[in-house]
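Letter by letter, the chains look like this.
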Amino acid sequence: IHKFFPKSAVYLTSVVSAPFKPQFWRKIKEYNDELRKLAKAKSFTLIDVAKVFDGFKDQNYLSYFYFDHCHLNEFGYAIFSGIIKQELEERLGSE
């Protein structure tokens, strides 16, 4: 992207660990760690939604997902989109 649009801001979001497959949580954490390194190396902005959702795991984590325990429900997406909105407003200003 920066090759063709060098002044463009690039935003990445981390991956939320779904309760459906806890055996993949370690791999998702590793992926998110690599994403953090990439963002730092390339001067991208990482919106770390995973860090916020990981803080909910001691609470009723399933309440943020549909019955399949894989996809965020309306409560989960309200948090997800709120995190992104807050980050964009801080970086770009609110209208």
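A quick note: this is a predicted structure, and the numbers were derived from the prediction, not measured.

A word on the environment of Ser17. Inspection of the secondary structure puts Ser17 in the loop between β1 (11-13) and α1 (25-42). Residue Ser17 is classed as buried on the basis of its relative accessible area, which comes to 6%. Sequence-wise, Ser17 and Val52 are 35 residues apart; in three dimensions their C-alpha atoms are separated by 11 Å. When residues no more than four places from it in sequence are discounted, the contact partners of Ser17 are Trp25, Ile28, Asp54, Lys57, Tyr61 and Phe65.

Turning to the packing of aromatic side chains, a few remarks are in order. If you walk through the whole model with that rule in mind, you get 4 aromatic pairs. Residues Phe53 and Tyr64 carry aromatic rings whose centres are separated by 6.2 Å and whose planes lie at 90° to one another, so their mutual orientation is edge-to-face. Taken together, the residues span a long stretch of sequence, with Phe53 in helix α2 (residues 49-54) and Tyr64 in the loop between α2 and α3 (74-92) at a distance of 11 residues. For the pair Phe53 and Tyr64, one class covers both residues: buried. Their ring planes at 75° and their centres at 5.8 Å tell us that Tyr77 and Phe80 sit as a pair that is edge-to-face. One end of the pair is Tyr77 and the other is Phe80, both in helix α3 and 3 residues apart, which spans about a single turn. For Tyr77, a relative accessible area of 46% gives the class partly exposed.

Rules of the game
Residues numbered from 1 in each chain as written. Predicted model: local features only at pLDDT ≥ 70, side-chain atom pairs only at ≥ 80, totals over all residues. Heavy atoms only, no water. Helix = DSSP H or I, 4+ residues; strand = E, 2+ residues; numbered from the N terminus. Buried < 20%, exposed > 50% of the residue type's maximum accessible area, 1.4 Å probe, protein only. Contact = heavy atoms within 4.5 Å. Phe/Tyr/Trp six-rings, centres within 6.5 Å; stacked < 30°, edge-to-face > 60°.

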